[in-house]
Amino acid sequence: MCNACFNDKKLKTKNIFTVEYTDSIITIKNVSCLKCAICGEIFFTDKVSEKIELIVNANKRLKNEISILDYNLDEIR
Ligand SMILES: [Zn+2]
């Protein structure tokens, strides 16, 4: 259910996920997600959230100021 408008209609789509730290920005493209058909709120499943976390943690170690990654690439694991 949508946390914003409490509707049940959701669409499968892809979205960009960005996280900002004090010294870096990590952006992940093509992240699988669900989008509320009514208000457009974006949701990530637990499985997707876990992968995002892995990608972000792996990337933090690289200490790039700006990183743009693709969700579908597994090379950084
Ligand atoms: Zn909604």
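Residues numbered from 1 in each chain as written. Predicted model: local features only at pLDDT ≥ 70, side-chain atom pairs only at ≥ 80, totals over all residues. Heavy atoms only, no water.

**Student:** Got a minute to help me understand the coordination of the zinc ion in this structure?
**Tutor:** As a benchmark, a tetrahedral metal site with four donors has ideal angles of 109.5 degrees, while an octahedral site with six donors has ideal angles of 90 or 180 degrees. Protein-derived ligands of the zinc ion are Cys 2 (SG), Cys 5 (SG), Cys 36 (SG) and Cys 39 (SG), with the metal-ligand distances lying across 2.3 Å. Around the zinc ion sit four donor atoms, and with donor-metal-donor angles ranging over 103 to 114 degrees the site reads as tetrahedral. Binding-site remark: the zinc ion is held by donors from one chain whose sequence spacing is C-x2-C-x30-C-x2-C. You can see Cys 2 sitting in the segment before strand S1 (10-20) and its partner Cys 39 sitting in the loop between strand S2 (25-36) and strand S3 (42-43), a full 37 residues away along the chain. With a relative accessible area of 1%, Cys 2 lands in the buried category. (Donors = N, O, S within 2.8 Å, 3.2 Å for Na, K, Ca; no water. Tetrahedral: all angles 85-135°; square planar, octahedral: opposite > 155°, others 65-115°. Helix = DSSP H or I, 4+ residues; strand = E, 2+ residues; numbered from the N terminus. Buried < 20%, exposed > 50% of the residue type's maximum accessible area, 1.4 Å probe, protein only.)

**Student:** Is there a simple way to explain the nonpolar core in this structure?
**Tutor:** Where a protein is soluble and globular, its nonpolar side chains tend to be buried together. Counting 10 residues, the largest nonpolar core is built from Val 19, Ile 26, Ile 28, Val 31, Val 48, Ile 52, Ile 55, Val 56, Leu 69 and Tyr 71. Elements supplying a minimum of two residues to this core: S2 and helix H1 (46-60). Considering each element in turn, this core owes the most residues, four residues, to H1. (Core = buried A, V, L, I, M, F, W, Y, C linked by side-chain atoms within 4.5 Å.)

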